[in-house]
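What the coordinates show
Here is what each chain is made of, one letter per residue.
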Amino acid sequence: MGTSGLRIAFFSDTTGEHSLSAHCGRILLPLLASEHSIEAFSDSFAAETGCVPQHHYLKAYQRHREDPFDLFFYQLEDGRRSRFVRASIGLMPGVTWFHDLFFQDLGPEATHTSPWENSIRQFYQPDIPFADRSVAPHQLWPRAFRELSLSPVNLFSSRWLLAESKTMISSRLEAEIGAHRSELLNIPVQAVSPAPMPSKETLRVAALSGSGLEGRAHKLLGALRGLKHPWHLTWVVEPNQTTGAETLLREFEAGERTTIRSEEHTSELQSH
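Below is a summary of the structure that appears in this document. The shown structure was predicted, so the numbers you read here are calculated from the model rather than taken from an experiment. (Residues numbered from 1 in each chain as written. Predicted model: local features only at pLDDT ≥ 70, side-chain atom pairs only at ≥ 80, totals over all residues. Heavy atoms only, no water.)

Some thoughts on the overall build of the chain
Looking only at helices and strands, the chain features nine helices and eleven strands. For the chain, the residues scored as buried account for 40% of the 272 residues in total. Contacts spanning at least 24 positions in sequence make up 66% of the contacts within the chain whose residues lie at least 6 apart. (Helix = DSSP H or I, 4+ residues; strand = E, 2+ residues; numbered from the N terminus. Buried < 20%, exposed > 50% of the residue type's maximum accessible area, 1.4 Å probe, protein only. Contact = heavy atoms within 4.5 Å.)

Some details on the environment of His55
When you line up the elements, His55 lands in strand β3 (residues 54–56). The class of His55 is buried, set by a relative accessible area of 17%. In the structure, His55 is positioned 14 residues away from Phe41 in sequence and 5.0 Å away in space, judged by C-alpha atoms. In terms of polar contacts, His55 uses its side chain to reach the side chain of Glu39, at 3.0 Å. (Polar contact = N/O pair within 3.5 Å; in protein donor to acceptor, adjacent residues only side chain to side chain.)

A few points about the packing of helix α8 (residues 217–225) against helix α9 (residues 242–251)
Here α8 crosses α9 at 30°, and the two axes come no closer than 10 Å. It follows from the interaxial angle that α8 and α9 lie roughly parallel. Like other packed secondary-structure pairs, α8 and α9 cross with a definite hand, here right-handed. Listed contacts from α9 to Ala217, His218, Leu221 and Arg225 of α8 are Leu248, Leu249 and Glu251. Of the residues contributing to the contact of α8 with α9, the split by class is four nonpolar, one polar and two charged. (Axes fitted to C-alpha atoms, helices over the stretch in contact; angles between N-to-C directions. Parallel < 35°, antiparallel > 145°, perpendicular 65-115°, else oblique. Left-handed = near helix turned anticlockwise from the far one by under 90°. Nonpolar A, V, L, I, M, F, W, Y, C, P; charged D, E, K, R; others polar.)

Observations concerning the nonpolar core
In terms of nonpolar packing, the biggest core is built from 22 residues, with Phe11, Phe98, Leu101 and Phe156 touching the most fellow members. Residue assignment for this core shows that the elements contributing at least two residues are β1 (7–11), β4 (71–76), α3 (83–91), α6 (145–150) and α7 (159–165). Those residues in contact with Phe156 that lie beyond four places of it in its chain are Trp97, Phe98, Leu101, Leu148, Leu161, Leu162, Ser165, Ser182, Glu183, Leu184, Leu185 and Asn186. If you look at the next biggest cluster of nonpolar residues, it comprises 15 residues, including Trp231, Leu233, Val237 and Ile260. (Core = buried A, V, L, I, M, F, W, Y, C linked by side-chain atoms within 4.5 Å.)

A word on the side chain of Glu77
Looking at the element boundaries, Glu77 is found in the loop between β4 and α3. It turns out Glu77 is buried and unbridged, and the closest side chain with the opposite charge, Arg81, is 5.4 Å from it. A polar contact is formed between the side chain of Glu77 and the backbone nitrogen of Leu20, at a distance of 3.3 Å. Setting aside anything within four residues of it in sequence, one finds Glu77 in contact with Ser19, Leu20, Ser21, Ser82, His99, Asp100 and Phe103. (Lys, Arg positive; Asp, Glu negative; His and termini not counted. Salt bridge = Lys/Arg side-chain N within 4 Å of Asp/Glu carboxyl O.)

What follows is the structure, encoded as structure tokens:
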């Protein structure tokens, strides 16, 4: 482990089989650990072995008091496994790597039933009354306004996310010039050069993505539908994404050439 670099608290899901955060962590942590001192924090109490020390995220601030970190780094994506990340971003802001900007998951309880939106309005209009403590507001807006505003440095794993983040302008303090920095940091993948396929051989494609807008599955299905070459898609989704995946396959008339796989079941889809 490096001794001359930064001391980094690395917040990320580490166990999710379909998690972009876990995938990126497995690739990047060994590389980062060669030059920096890193401790990883997740929502798992299980003792894990790896290239860096790993703890439950509730221990992060004890470790920070004992041996202060130079930087808090967060990987953020949609889903329950990132709730602890969304909560921690507000407690100790740092560098946040966004894999999603639109959330289906509401997030940790303290953020989606808190009056923070009302507090922002009060900042600009002091005559607005305080929220009634007996009525918990419910934040339904799916964009990551809160997470973006709390992170002084925002990284995005695709150009689309970076471009979309620039449209999320509001009257919040993060709109001030120079308050935040945004950069592109692509998901690390290993480059391969597949050999040309015989024209009659079936092209077999595997995809791991959500069925919503963030998963960009509509782009993949549109490209596959335009191929003249025979193909078959195996699409791995979370169990709660199968209905949306089936809807997209009907839309693109791709059910007969697609197999959906999830943690709970595998189904051969037929177009209707």
